[in-house]
Amino acid sequence: MLIVAGPGTGKTLTIVRKIAYLIHQGVNPENILAVTFTNRAAREMRERTEVLLGNDAHRVFISTFHMLGITIVRNEYSNNCIVINREEQITLIRKLLKDSYSGKTSRRADNISERISRIKNCMEDIDDIKGIYEKYQDTLSSRGTLDFDDLILKPIEILKNREVLKKYRDAFRYIMVDEYQDINRAQYTLLARLADRNGNLCVIGDSDQAIYAFRGGDVGNFLSFEKDFNDAKIITLKENYRSTGVILNASNVIIKNNQKRIDKSLQQTREKGVQIIVISVPDERSEGEIIVRKIEERMGGTSHYYMMKTANPSNTLRFRQTRDGRVGFGDEYPYSFSDFAVIYRTNAQSKILEESFVSSGIPYQIIGRNFRQQREEIMKVLAFLRVLLNPSDQQLSRMVGLSPEEVDETLLKRLRGLLESVPPDEFLTILWKESDIKKYCNEENFILLENRASFYRDVKPAEAISSFITEISLLTPADAYDPRADTVSLMTFHMAKGLEFKVVFIAGVEDGIVPYTIKKDAVDIEEERRLFYVGMTRAMDELFLIHTRNRFIYGHRLEQVPSPFIMKLPEELMTKQYIPDRIRRTKKDDQIGLF
């Protein structure tokens, strides 16, 4: 079964209801497999399933593709297998390059890491990096480690064994896949092997939201589902519960220009709503200022907001939007900072936007930024935990700059004893208080780990830490989003996938940026249109499209024109605003005229 589910149509709820239905029909929960792409999405699916099914939910295998992969690897290949992250991978490649070329090489380790990833995801041939690729694989094998991409590649190899394949087909008799439009060739191969052409396979997704071609995602897998699997049924979810009629109609107009799609017309269930506001601003600095101003209008002015809240903590300012688009006091439509999102095409746009938020005092979070630095600290903590589980893991720990042998042996012995009896979040609290782990990880990142570990309180302590390490090892930048933080979220189109906000600002809606054609020889215009569509459909109540007339980009100040996508929008769905250029001050040494 292929479920075509547009944005806001209740995709996750549909999967959860499908799981509940199967169990109520007598299917063993342990025979159900549900996979998605991010830990965030998997956790949401698991939590919703628990609401419907209670304890039965824990018996359903709900995970990411990579968590499924590591489960198969540990069951069939090596229970002690360690997964290295991208930073550890780059460190290893850098050392191999140095040893192979006597320290003289122009090749960058991060570029080769990317090439290896593309090879393993069936996106490229091995070609000119065969030598370093084979050395890299030999080193991983000798250390009993796998990299992130091996978690798909290795299970495919394992499942070539007919007896093992039969075992997993018998175990997972009902398979559900979320975001099916984003699977790459390697993931498709794993899935097809598990499901068989005649298997019970239910996939859900939207060809209009396929935005991961750069990492191998192939919308063709979605479009060819009927050919790939026998007796396939197609069901289309058409009712959108998220966006107003105006936002929905505008996004439909945009995406209908694509050819590689399954046609559908989303139907509104909400009111018509206010028009989309298209704003022309002088430059990128004005862009940030107008976004801040619009947020302050809806919050009543941030300084006034804080004064009121401080004077009367139980009374927060609430604003509502009237039918004619004005915003005022009321309880019907309360706004908080987390109701706002600023979305852009490239990370390079975030710096100048951030300056406006810093100046205004509005709290914000940039999703995915500093993820590498955060991950480096977190991986040092995980390396420490690995050594506690496996004392022979010293070499891997040194790769991330950790020296656990410096820790007092008596403390290590006590900590190893606690692993068997204390829930993982309590164990981490003890670790923070009694060890020198503070040298490797700041408190904010450690608190993040403790929060994640709290989800394993119902798992036996002996198993919990191992499962916790695996999950944290597989975190992606998208998992960095914290929905509980009352902050404005700044993010790229890719990071915004799967999220929703009452008010959305899309910045830099200019030709060359949306669609992104600057410094690109070949552009997939349909992929760029899908990205813009994803950005638009994150908005629930209000959508702002902002373009500059002049922008400093890649070292040059360029004149800009609005995105061709804006030109496709019907006039009746838009209100246009024009912010005039700043008045330039007269130079002091200029003679002022009499008239």
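Further up the page is the structure itself.
Each value, and the rule that gives it
- Residues numbered from 1 in each chain as written.
- Predicted model: local features only at pLDDT ≥ 70, side-chain atom pairs only at ≥ 80, totals over all residues.
- Heavy atoms only, no water.
- Core = buried A, V, L, I, M, F, W, Y, C linked by side-chain atoms within 4.5 Å.
- Buried < 20%, exposed > 50% of the residue type's maximum accessible area, 1.4 Å probe, protein only.
- Helix = DSSP H or I, 4+ residues; strand = E, 2+ residues; numbered from the N terminus.
- Contact = heavy atoms within 4.5 Å.
- Pairing = 2+ DSSP bridges.
- Axes fitted to C-alpha atoms, helices over the stretch in contact; angles between N-to-C directions.
- Parallel < 35°, antiparallel > 145°, perpendicular 65-115°, else oblique.
- Nonpolar A, V, L, I, M, F, W, Y, C, P; charged D, E, K, R; others polar.

Trainee: Whenever I open this one, the nonpolar core confuses me. Can you help?
Mentor: Soluble globular proteins tend to pack their nonpolar side chains together in the buried interior. With 40 residues, the main nonpolar core has Leu-159, Ile-175, Val-177, Tyr-180, Leu-194 and Leu-201 as its most contacted residues. Of all the secondary structure elements, the ones that give two or more residues to this core are β1 (2-5), β2 (32-36), α3 (65-76), α7 (150-158), α8 (162-171), β6 (174-177), α9 (185-195) and β7 (200-205). In contact with Ile-175, not counting residues within four places along its chain, are Leu-33, Leu-191, Leu-194, Ala-195, Asn-200, Leu-201 and Cys-202. By size, the runner-up hydrophobic cluster in this structure holds 37 residues, among which are Ile-254, Val-278, Met-491 and Met-574.

Trainee: Which parts of the structure should I look at to understand the pairing of strand β17 (residues 501-506)?
Mentor: Residues in a regular strand project their side chains so that they alternate between the two faces of the sheet. Of all six residues making up β17, six are buried, and the element is well covered by its neighbours. Sheet topology places strand β14 (residues 340-344) next to β17; four bridges connect them, and they run parallel. For Ala-341, the partnering residue across the bridge sits in β17 and is Val-504. Here β17 pairs with strand β18 (residues 539-548) via five bridges, running parallel. Counted as the bridge partner of Phe-501 is Ala-539 from β18.

Trainee: Is there a simple way to think about the side chain of Thr-346 in this case?
Mentor: Here Thr-346 lies in the loop between β14 and α15 (350-360). Not counting residues up to four positions away in its chain, the partners in contact with Thr-346 are Thr-492 and Tyr-516.

Trainee: How should I be thinking about the sheet that holds β1 in this particular structure?
Mentor: Strand pairing in a sheet takes place through backbone hydrogen bonds and is either antiparallel or parallel in direction. Across the sheet, which stays open at both edges, the six strands sit in the order β3-β2-β6-β7-β1-β8 with parallel pairing between neighbours. The open sheet terminates on both sides in strands that have one partner only, identified here as β3 (61-64) and β8 (234-237). Across the sheet, the axes of successive neighbouring strands diverge by a mean angle of 15°, strand direction being ignored. Looking at chain direction, β2 and β3 are connected through four bridges and run parallel. Its bridge partner being in β3, Val-35 is matched across the sheet by Ser-63.

Trainee: How do you make sense of the environment of Met-536 when you look at a structure like this?
Mentor: By the element assignment, Met-536 lies in helix α23 (residues 525-536). As for Met-536 and Ser-243, which are separated by 293 residues in sequence, their C-alpha atoms are 9.5 Å apart.

Trainee: Whenever I open this one, the packing of helix α4 (residues 86-100) against helix α16 (residues 371-389) confuses me. Can you help?
Mentor: It is the contact of α4 with α16, at a shortest axis distance of 9 Å, that shows an interaxial angle of 85°. On the basis of their axis angle, the class for α4 and α16 is roughly perpendicular. Residues Glu-87, Glu-88 and Ile-90 of α4 lie in contact with α16, whose contacting residues are Arg-372, Arg-375, Glu-376, Met-379 and Arg-386. A class-by-class count of the residues in the contact of α4 with α16 yields two nonpolar, no polar and six charged.

Trainee: Can you walk me through the sheet that holds β14 in this structure?
Mentor: Strand order across the open sheet formed by seven strands is β15-β16-β14-β17-β18-β11-β21, with parallel pairing between neighbours. If you trace the sheet from one side to the other, it starts and ends with β15 (364-366) and β21 (574-578), each paired once. Within the sheet, the average angular offset between the axes of one strand and its neighbour, ignoring direction, is 20°. Direction of pairing for β14 relative to strand β16 (residues 488-492): parallel, over a ladder of four bridges. Following the sheet pairing, Tyr-344 is matched in β16 by Thr-492.

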